[in-house]
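Here are the chains, one letter per residue:
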Amino acid sequence: MAGDADSGGLPGGEAAAEMAMAMGGGEEEERVATLLGMAEECYTEDELRLLLRGNPHPVCYDSFQPCGRMTIAQGVLKAIHVRKMVEAGCRAKIWIDDWSAFLSNNLGGDMEKIQTVGRYMIEVWKSIGMNHDGVEFLCSSAAIKSRADEYWPHVMGISTHHKIGVVRELRECKKPTAQFFNPCMQCAGIFFLEADICQMGMDQHEVNKLATTYSNNRQEKKPIILSHHLLPGLKGQNKMSASDPASAIFMDDDKAEIDLKIKQAFCPPKIVKGNPCIEYIKYVIFPWFSKFEVVRKAKNGGNKTFMSVEELVMDYESGSLHPADVKPALKEAINQILKPVREHFENKKEAKFLRDTVKGYSEVNSEEGLPKKDDSEEEAKC
């Protein structure tokens, strides 16, 4: 999987230095705003500004455990985030962490299956149109094997900061020791890849805290933490879960599956907080299209194109925008985004084989977890 990236036309050496000198305050602020725009939390903004002032092309790190079918949070959101990284001049390194997937016993710890899923994930990102300029995909097992003398000292050093209380907790829960060691290996990847910015989800606080503690104690380069928002499950859960297929949209879902899932999604009238349909619009549709188009009958207010999240929220909270308006528009937008993915995996023989193989691995392919079909033509109200 390493070497799959296109380094694009990013300037290096003297050209990069000249660009850094030429950057004015306005451009620096624009770069800061672009990166902060994808973060729910930043640790810290002052350090981010200093970094961008002195480094025209910082390394921005993210990682994924290959564990099965890819959700829209992993696929579309990652493409959006990578676009913003590249716009801000970053070089993105995406760590396909097959060793962490193995330690988590994903896919029964079968490394061949895990690595197949990793190749599938890269294929999905390509199909969605991820900007590959300045992006590098790295498979952790291959990268670590080639530079083991650099990687393992980081793991050993980080493990001295991972508190023993966690081990007692694992013993009481009768969980494998791998669940203690895994965060140390995940954290080591940040330093192994010499990341300037660590761009992961809000659920990765343990790894981020380890990274900042280790860097402070060992006087290593401290990464700036940009934590992005987690998409909720369609049933109203705080986080989308691939283990519950009715609560998640997958990148390889067909139109009928997406239509049914959105139709049955939790979407209470006039309530924005905790409403997964509104969050999809805010974090997926607006960043992708810069607008949200609602088609409805004249008696219900007629067609309307929302150009900002704030405008949408105001209409929804007032009741002038109803769930029965939102859901058909959301279905249309998501299907439009995923159409190139479907075409890619249907028209390319190798990609189709990868998709079908991964579907076969995944328990979420079981019909038991899928929403029941509803023959009614009436749009669900919530």
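Quantities reported herein were computed from a predicted structural model and do not represent experimental measurements. (Residues numbered from 1 in each chain as written. Predicted model: local features only at pLDDT ≥ 70, side-chain atom pairs only at ≥ 80, totals over all residues. Heavy atoms only, no water.)

### A look at the nonpolar core
Judged by nonpolar contacts, the single largest core of 77 residues is most densely connected at Ile 72, Trp 125, Ile 334 and Leu 338. With nine residues, helix α15 (residues 323-347) is the single largest residue contributor to this core. If you count residues domain by domain, this core takes at least three from each of domain 1 (38-228) and domain 2 (255-362). The contacts of Trp 125, once residues within four sequence positions are left out, are Phe 64, Met 70, Gln 74, Gly 75, Lys 78, Ile 94, Ile 96, Met 130 and Phe 137. Ranked by size, the runner-up nonpolar core spans 26 residues in total, among them Tyr 61, Cys 184, Leu 210 and Ile 225. (Core = buried A, V, L, I, M, F, W, Y, C linked by side-chain atoms within 4.5 Å. Buried < 20%, exposed > 50% of the residue type's maximum accessible area, 1.4 Å probe, protein only. Helix = DSSP H or I, 4+ residues; strand = E, 2+ residues; numbered from the N terminus. Domains from an automatic or database assignment. Contact = heavy atoms within 4.5 Å.)

### Concerning the packing of aromatic side chains
All chains considered together, the criterion is met by eight aromatic pairs. Plain terms: the ring middles of Trp 99 and Phe 102 are 5.5 Å apart, the flat faces sit at 85° to each other, and that makes the pair edge-to-face. One end of the pair is Trp 99 and the other is Phe 102, both in helix α5 (residues 98-103) and three residues apart, which spans about a single turn. Using a relative accessible area of 29% as the deciding quantity, one classes Trp 99 as partly exposed. You can call Phe 102 partly exposed: its relative accessible area is 35%. Cluster of aromatic residues (ring-pair linked, three or more members): Trp 95, Tyr 151, Trp 152 and Phe 192. (Phe/Tyr/Trp six-rings, centres within 6.5 Å; stacked < 30°, edge-to-face > 60°.)

### Focus on the sheet that holds strand β2 (residues 59-64)
Strands in a sheet are paired, the pairing made by backbone hydrogen bonds, and the direction either parallel or antiparallel. Spatial ordering of the open sheet is given by β1-β6-β5-β2-β3-β4, a layout of six strands whose pairing is mixed. Looking at the sheet topology across the chains shown, the edges are occupied by β1 (41-43) and β4 (135-139). In this sheet, neighbouring strand axes are inclined to one another by 20° on average, regardless of whether the strands run parallel or antiparallel. Bridge analysis of strand β5 (residues 197-201) against strand β6 (residues 224-228) gives five bridges, and the strand direction is parallel. Residue pairing across strands places Met 200 opposite Ser 227, the latter belonging to β6. Here helix α4 (residues 72-87) sits on the sheet in contact with β2, β3 (91-96), β4, β5 and β6, set at roughly 170° to β2. (Pairing = 2+ DSSP bridges. Axes fitted to C-alpha atoms, helices over the stretch in contact; angles between N-to-C directions.)

### Some words on the pairing of β6
The buried fraction of β6 is high, at five of five residues. In β6, alternate side chains face the same way, and those of Ile 224, Leu 226 and His 228 on one face and Ile 225 and Ser 227 on the other are all buried. For β1 and β6, the ladder comprises three bridges, and the chain directions are antiparallel. Opposite Tyr 43, over in β6, you have Ile 225 as the bridge partner. This β-α-β element, β5 to helix α11 (residues 205-218) to β6, shows right-handed connectivity. (Right-handed = clockwise from strand over helix to strand, strands pointing away.)

### Side note on the environment of Phe 286
Within the secondary structure, Phe 286 sits in helix α13 (residues 276-289). Separated by 22 residues in the primary sequence, Phe 286 and Ser 308 have C-alpha atoms spaced 7.6 Å apart. What Phe 286 contacts, discounting residues up to four positions off in sequence, is Ile 281, Lys 291, Phe 292, Phe 306, Met 307, Ser 308 and Val 309.

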